[in-house]
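Single-letter residue listing:
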Amino acid sequence: MLLNPETNIMSNKRIVVVGAAGRMGRMLIETIHHTEGAILAGAIERVGSPYLGQDSGLLANIGSNGVMITDDPLPLFAAAEAVIDFTTPESTTHYAALAAQARIVHVVGTTGLTLGDLKKLEAAGRHAVIIQSGNMSLGVNLLAALVKRVAQTLGEDFDVEILEMHHRMKVDAPSGTALLLGEAAAAGRHIPLDHAHTVRSRDGHTGIRKSGTIGFATLRGGTVVGDHSVVFAGPSERITLSHVAEDRAIFARGAVRAALWGQGKKPSLYSMMDVLNLGDI
């Protein structure tokens with residue numbers, strides 16, 4: 001991608017990054033810097049963060065950009081077209097309400113969201129364009145579309161198992177991506193992804209596998225960015241669909257693409273499937 005052209009700065013979409021000092025925040029700042037049509041309009045951190053007042057460009061290793069990290073989102077949201085958010089569920093719902101007030105695009109890559117959190121995002125979507133996904137990677141969302149189609153085609157003769165591995169610092173399990181893939185498999189089978197249709201852990205004498213359920217297995221260790229596989233195990237044959245994330249930049253690129261896609265769209269709660277036009281696969 002080309003650098004933001006200074007001569008055409010008025011056409012750039014102004015994007016705010018929340019959680020700017022974190023690993024994803026820094027990656028987002030770098031990605032915006034290298035994306036034509038986008039410009040960093042603000043960098044936000046939590047109250048009391050040791051990074052407040054620091055130059056966000058220096059933190060992201062792109063050189064000084066004059067955008068200082070602040071803990072006051074209101075003036076930045078008011079002057080921006082979009083905000084990108086990979087923070088915590090509590091922070092995300094707060095920022096969604098502010099995005100709704102400002103009528104700007106809110107891209108949500110936060111994982112660990114509860115049903116109650118999603119309802120709050122849906123409510124914010126009455127006034128703002130909210131784009132939420134358990135994974136912003138273009139490849140993962142294409143994988144989810146394929147999982148849905150395969151689950152629909154094969155039916156309950158094939159057991160579905162989802163295996164994911166992430167770095168040792170990840171705090172939620174199964175990952176948002178694993179749940180995204182589980183939702184895709186469930187949608188293909190026209191069932192809800194609820195406790196009656198999922199198996200989250202196995203230990204001891206579990207008995208035989210219940211037909212029609214979707215199983216999850218979680219691995220944690222090292223610095224793994226994200227590995228996901230969906231296994232369809234049927235009579236005498238097995239199909240495995242996989243995705244390996246090698247760099248967090250893939251999530252940042254997808255999120256920035258979503259922020260630009262959302263410009264001019266009607267207020268609603270969207271997903272990356274909408275961004276990539278994968279709804280019919």
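Everything below is about the structure printed above this text.
Conventions used here
- Within each chain, residues carry numbers counting from 1 in the order of the written sequence.
- Where totals are concerned, whole chains, interfaces and linings use all residues; where local detail is concerned, this predicted model gives features only for residues with pLDDT of at least 70, and gives and counts side-chain atom pairs only at 80 or more.
- Just so you know, side-chain values use all the structure's heavy atoms and leave hydrogens and water out.
- Geometry is summarised by axes, namely lines fitted to C-alpha atoms with helices restricted to the contacting stretch, and by angles between N-to-C directions that run from 0 to 180 degrees.
- Numbering goes from the N terminus for both helices and strands, where a helix is a DSSP run of H or I of at least four residues and a strand is a run of E of at least two.
- What sets the label is the angle itself: under 35 degrees gives roughly parallel, over 145 gives roughly antiparallel, 65 to 115 gives roughly perpendicular, and the rest give oblique.
- For any pair of crossing helices, the crossing counts as left-handed if the nearer helix is rotated counterclockwise from the farther one by less than a right angle, and right-handed if it is rotated clockwise.
- The contact rule is simple, with two residues in contact once any of their heavy atoms fall within 4.5 Å.
- Residues are grouped as follows: Ala, Val, Leu, Ile, Met, Phe, Trp, Tyr, Cys and Pro are nonpolar; Asp, Glu, Lys and Arg are charged; all remaining types, including Gly, are polar.
- Two strands are counted as paired when DSSP detects at least two bridges linking them.
- To estimate how far a helix should extend, the number of its residues minus one is multiplied by 1.5 Å.
- Categorising residues by exposure relies on relative accessible area from a 1.4 Å probe, with only protein chains included: less than 20% of the type maximum marks a residue as buried, more than 50% marks it as exposed, and the intermediate range marks it as partly exposed.
- We define a salt bridge as a contact between a side-chain nitrogen of Lys or Arg and a carboxyl oxygen of Asp or Glu at a distance within 4 Å.

J.: How would you explain the packing of helix α1 (residues 23-33) against helix α8 (residues 249-261) if you had to name every residue and give the values?
T.: Taken N-terminus to C-terminus, the directions of α1 and α8 make an angle of 60°; their axes are 9 Å apart at the nearest point. It follows that α1 is oblique to α8 by the angle criterion. Crossing angle aside, the handedness with which α1 passes α8 is right-handed. On α8, the residues touching M24, M27, L28, T31 and I32 of α1 are A249, F251, A252, R253, A255 and V256. Among the residues making up the contact of α1 with α8, the classes are represented as nine nonpolar, one polar and one charged.

J.: Lay out the sheet that holds strand β2 (residues 38-44) with the relevant residues and their values.
T.: Sheet architecture is open: seven strands sit in the order β3-β2-β1-β4-β5-β6-β12, paired in parallel fashion. Because the sheet does not close on itself, it has two edges, and the strands there are β3 (69-70) and β12 (268-270). Pairing of strand β1 (residues 13-18) with strand β4 (residues 82-85), which is carried by four bridges, proceeds in the parallel orientation. Residue pairing for β4: V18 is matched across the bridge by D85. Seen against the sheet, α1 touches β1, β2 and β4 and runs at an angle of roughly 165° to β1.

J.: Describe the packing of helix α4 (residues 89-102) against helix α5 (residues 115-124), and please don't skip the residues or the numbers.
T.: Running from N to C, α4 and α5 cross one another at 10°; their axes reach a closest spacing of 9 Å. Accordingly, the angle class assigned to the pair α4 and α5 is roughly parallel. In this structure, α4 contributes P89, T92, T93, A96 and A100 to the contact, and α5 contributes D117, K120, L121 and A124.

J.: Outline the environment of V231, supporting the account with residue identities and numerical values.
T.: Looking at where V231 falls in the secondary structure, it is placed in strand β10 (residues 226-234). With 69 residues separating them along the chain, V231 and I162 place their C-alpha atoms 6.3 Å apart. Non-local contacts of V231, meaning those with residues more than four positions away in its chain, are made with D159, V160, E161, R238, I239 and T240.

J.: Could you give me a rundown of α8, with the residues and numbers involved?
T.: Its 13 residues place the ends of α8 18 Å apart at the C-alpha level, agreeing with the 18 Å of an ideal helix rising 1.5 Å per residue. Three or more residues of α8 are buried, namely A249, I250, F251, A252, G254, A255, V256, A258 and A259.

J.: Provide a residue-level description of unusual backbone geometry, including the pertinent values.
T.: Across the junction of A173 and P174, the peptide omega takes the value -10°, indicating a cis bond. Of note, P174 is situated in the loop between β7 (159-166) and α7 (176-189). Unusually for a residue other than glycine, N61 sits at a positive phi of about 60°. Judged by relative accessible area, which is 71%, N61 ranks as exposed. One non-glycine residue, R103, lies in the positive phi region at around 60°. Among the structural elements, R103 can be located in the loop between α4 and β5 (105-108).

J.: Explain the pattern of salt bridges to me, using residue names and the numbers behind them.
T.: In total, this model carries six salt bridges according to the counting rule given. For R209, the salt bridge identified is with D159, shortest N-O distance 3.3 Å. With R209 in the loop between β8 (198-199) and β9 (214-220) and D159 in strand β7, the pair connects residues that are 50 residues apart, well separated along the chain. The exposure class of D159 is partly exposed, given its relative accessible area of 26%. With a shortest N-O distance of 2.8 Å, E161 and R202 are connected by a salt bridge. Highlighted residues: E161 in strand β7 and R202 in the loop between β8 and β9, separated in sequence by 41 residues. Given the relative accessible area of 44%, R202 is considered partly exposed. The structure contains a network of salt bridges with shared partners spanning D159, E161, R202 and R209.

J.: An account of the sheet that holds β9 is requested, with residue identities and associated values reported.
T.: Pairing in this open sheet of five strands is mixed, and the strands run β8-β9-β7-β10-β11 from one edge to the other. Only two strands of the sheet have a single neighbouring strand rather than two, namely β8 and β11 (237-245). Note: β7 against β9, seven bridges, orientation parallel. Within β9, the position partnered with L163 by the bridge is A217. Where helix α6 (residues 138-154) meets the sheet, its contacts fall on β10 and β11, and the angle it forms with β11 comes to roughly 165°. Running at roughly 165° to β7, α7 makes contact with β7, β9 and β10 of the sheet.

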